[in-house]
Amino acid sequence: MTTPLRIGFIPLVDAAALIVAVDKGFAAAEGLDIELVREVSWSNVRDKLNIGLFDAAHLLAPVAIASSLGLGHVKVPIAAPFNLGINGNAITVSPALHAALMEEIDGDRFDPMVTAKALAKVVAFRRKAGAEPLTFGMTFPFSTHNYQLRFWMAAGGVDPDEDVRLVVLPPPYMVDSLKSGHVDAFCVGAPWNSIAVDLGIGHILHFVSDILVRAAEKVLAVRQVWAEKNPDTVAALVRAAVKAAAFIEEPENRTEAARILAQPERIGVDAEVIQRTLTGRLKISPDGTFRESSRYLLVGREEAGRPDPVQAAWLYAQMVRWGQTALSPEGVKTAMAVFRSDLYDAALGRRPPEQPPAPFGAFAGPAFDPDDIRGHLEAFEVGRWKA
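I will try to describe carefully the structure that is included in this document.

The rules behind each value
Residues numbered from 1 in each chain as written. Predicted model: local features only at pLDDT ≥ 70, side-chain atom pairs only at ≥ 80, totals over all residues. Heavy atoms only, no water. Helix = DSSP H or I, 4+ residues; strand = E, 2+ residues; numbered from the N terminus. Expected span 1.5 Å × (residues − 1). Buried < 20%, exposed > 50% of the residue type's maximum accessible area, 1.4 Å probe, protein only. Contact = heavy atoms within 4.5 Å. Pairing = 2+ DSSP bridges.

Time to look at unusual backbone geometry. Omega for the bond connecting Ala-190 with Pro-191 falls within 30 degrees of zero, at 15°, which places this linkage in the cis form. Position of Pro-191 among the secondary structure elements: in the loop between strand S8 (185-189) and helix H9 (192-198). In this model, Asn-87 sits at a positive phi of 65°, which is unusual for a non-glycine residue. Structurally, the position occupied by Asn-87 is in strand S4 (residues 78-87).

Have a look at this one:
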């Protein structure tokens, strides 16, 4: 007897573990009959999960936290027993903005502090010239993309709420928006950065792994009430995702995984573009310049699938920093409780690892301590939070 499930996803490479779990039969082997439903926007995915049209979803990690806190929408507690992706985003800029930044670069162009300071000079020059503020696209107010852009800009002295304009765009619409000039840059997950480069309309300025060493990006999300009623199904779903992630991470399987993900009903882009993402070797400029990073996207290696509550605390801290919520002990506790490493460990029948999770590092600011979020926030000059 199989258990039918409907799971929503956005066409992004970090949905890989879900897609491969279904299309390679790992889910069926766990007794699950999964219908994957492709969506365009994160609000659609969130809403359909919250009201029960989806049993589970490929979801932005901060949306799971915001839903549990009741921020920006109705309050629906979410459990995330599996992390679908660590890192995987990039910041892509138009040729015009890229040229302007390169003129102001003083140092290593791949150092985010150097580019953030260059951005501050470009912003000041445009203001003096009476030009419109630069517009940056990101995928959702409660998104890693929003927080990563803000973290980067603010480190160079750019106020993301005063000096530039941030707009919300669904991931598949980013490229057309850059092409039409509606945005000057965007932060999005793969494969859309690479698509812009291949079309000759964008330069990848930074991998997000330049900005944050290890950033929780997407989670496998279920409603907390549903998880409590269906523990065996949750465990089966985690095991299927773990097996799929392990398959994807094997170098000899990358070609097949890319072909599966490239199907029109899945991500729907060229398999070669997806394979670049999985190997971490990306073309970053239309002239054919490539850049490689072993940390570009982690699907299963380095314990990437195990949810880390410290990551949830960092995302909550960003919500506080940018005025989306007030700092409270209850808020921190609720946020950290979303990332269910206990359910992950139980599904695999193992004890929690003795080694602590990989450190959460960033290119600027103090080391992050979830027990001292106030101290962390007080170290930054730019922000919207109230002490």
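When the terminal C-alpha atoms of helix H6 (residues 112-129) are compared, their 25 Å separation across 18 residues agrees well with the 26 Å that a helix rising 1.5 Å per residue should span. Along H6, the positions that sit buried rather than exposed are Pro-112, Val-114, Thr-115, Ala-116, Ala-118, Leu-119, Val-122 and Val-123. Buried-residue contacts for H6 involve helix H5 (95-104), strand S6 (135-138), helix H7 (144-155), strand S9 (203-207) and helix H10 (208-211). Looking at the residues trailing H6, positive phi occurs at Gly-130, about 75°.

The buried fraction of strand S3 (residues 56-60) is high, at five of five residues. Across the two faces of S3 the burial is the same, with Ala-56, His-58 and Leu-60 and Ala-57 and Leu-59 all buried. Two strands pair when backbone bridges link them, and strand S1 (residues 3-9) and S3 are joined in this way by two bridges, in the parallel orientation. Pairing of Ile-7 across the sheet is with Ala-56, part of S3. Judged from the four bridges that link them, S3 and strand S10 (residues 216-223) form a sheet pairing that is antiparallel. Across the sheet, Ala-57 pairs through a bridge with Ala-221, a residue of S10.

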